[in-house]
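Observations on chain architecture
Letter by letter, the chains look like this.
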Amino acid sequence: MFITFEGGEGTGKTTIIKTISRRIEELGHKVITTREPGGSIVAEQIRNVILDPNNDSIKAHTEALLYAASRAQHIDEVIKPALEDERIVLCDRYLDSSLAYQGYARGLGYDYVLKVNDYATKFLPDLTFYIDLDPQIGLDRIVNRVQKDRLDLEEVSFHQLVRKGYLDLVNMYPKRIIVLDGTQTIEEIITIVLNKISEIL
Ligand code: TYD
C-alpha cells in the first residue's frame, strides 16, 4: 500500500508520519517512510538544488522538471522496490505537491504537471491524507525554524494559492484524497489516520 501525506507548511506532517509508521510497525506490518523531494541519494541532491534559498533564479518550468526528475529517481530506487517487497510506503509529499505548488500556485496548469510526471502517474498513491490549514497559521508555526527553504520564503499569498490548488485536487480525486482539519491536535489527526489505515488493512 502506497500512502502519501500532503499539506502546506507547518501542518505537522513529518511528526505525524513518524508516529504512524511506529504504530503500523507495532501491528506487525513492514513499513518504510520516505519524503519528496528526496528519499534517495540522487533525489536528495536534486532537493538541495531546488530548495536552496540562493537559487532564486529558478524558473517555474525548471522547478517542475526538477521535482519530476527527483521523483523518477525516488520511484525507481525506493518506492517501487518497497511496494514489490509488500511494504507499506508512507511518503511525505508526492505528485499532489507538484500539482498544487507548480500546477496551481505557479500557474503551470495541472495538465502540464501531469505530462511531465507521466512516470509518477503509473505509481499513484492508494490513499492520500491532505492536512488542510490556513497558511498563515502554518507559517506562524514555522516562524522560528532556523533553516527556511526557498519555498518556505514565498509570500503568504503564494501559500494561499497552494491551498486552493489542494482543494481542487480533493474535488478531482475524491476517493483517493482524505481531507483532515489541520487545526486539530497532532494526536487527533494521528487517531483519524490510524483508524482509516487499520480499516483498509
Ligand atoms: P519540505 O521541507 O520537505 O516541506 P515541508 O516540511 O513543508 O513538508 O520542502 C519541500 C518544499 O517543496 C515544500 O515547500 C513543498 C515543495 N514541493 C513542491 O513545490 N513540489 C513538489 O512536487 C514537492 C514534492 C514539494
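Structure: above.
Overview of the structure. Predicted, not measured: the structure shown is a model, and the values here were computed from it. (Residues numbered from 1 in each chain as written. Predicted model: local features only at pLDDT ≥ 70, side-chain atom pairs only at ≥ 80, totals over all residues. Heavy atoms only, no water.)

A few words now on the packing of aromatic side chains. Enumeration over the complete set of coordinates arrives at seven aromatic pairs. Here Tyr101 and Phe158 contribute two aromatic rings whose centre-to-centre distance is 6.1 Å and whose plane-to-plane angle is 55 degrees, an arrangement assigned as tilted. Of this pair, Tyr101 sits in helix H4 (residues 95-105) while Phe158 is found in helix H7 (residues 156-172), placing the two residues 57 residues apart along the sequence. The class for Tyr101 is buried, based on a relative accessible area of 5%. Relative accessible area serves as the criterion here: at 6%, Phe158 is assigned to the buried category. A centroid spacing of 6.4 Å and a plane angle of 20 degrees characterise the contact between Tyr104 and Tyr110, whose relative ring orientation is stacked. Clustering of aromatic rings is evident, with ring pairs tying together Tyr101, Tyr130, Phe158 and Tyr166. Lying over the aromatic face of Tyr94, Arg71 brings its terminal NZ or CZ to 5.4 Å of the ring centre. Just above the ring of Tyr173 sits the side chain of Arg176; from NZ or CZ to the centre is 4.5 Å. (Phe/Tyr/Trp six-rings, centres within 6.5 Å; stacked < 30°, edge-to-face > 60°. Helix = DSSP H or I, 4+ residues; strand = E, 2+ residues; numbered from the N terminus. Buried < 20%, exposed > 50% of the residue type's maximum accessible area, 1.4 Å probe, protein only. Lys NZ or Arg CZ within 6 Å of the ring centre and 35° of its normal.)

Every one of the 16 residues lining the ligand counts as a neighbour, but Glu9, Lys13, Tyr67, Ser98 and Gln102 are closest to it. At 2.5 Å from an oxygen atom of the ligand is found a side-chain nitrogen or oxygen belonging to Ser98. Between the ligand and Gln102, the relevant distance is 2.8 Å, taken from a nitrogen atom to a side-chain nitrogen or oxygen of the residue. Computed on the free molecule, the ligand has an accessible area of 550 Å², of which 93% lies beneath the protein chains in the complex. Counting residues per element, the ones that place at least two in the shell around the ligand are helix H2 (41-51), helix H3 (60-84) and H4. Of all the elements, H4 adds the most residues to the shell around the ligand, at four residues. Of the residues that constitute the shell around the ligand, the class distribution is five nonpolar, three polar and eight charged. (Near = heavy atom within 4 Å. Polar contact = N/O pair within 3.5 Å; in protein donor to acceptor, adjacent residues only side chain to side chain. Areas by Shrake-Rupley, 256 points an atom, 1.4 Å probe, with all protein chains shown as cover. Nonpolar A, V, L, I, M, F, W, Y, C, P; charged D, E, K, R; others polar.)

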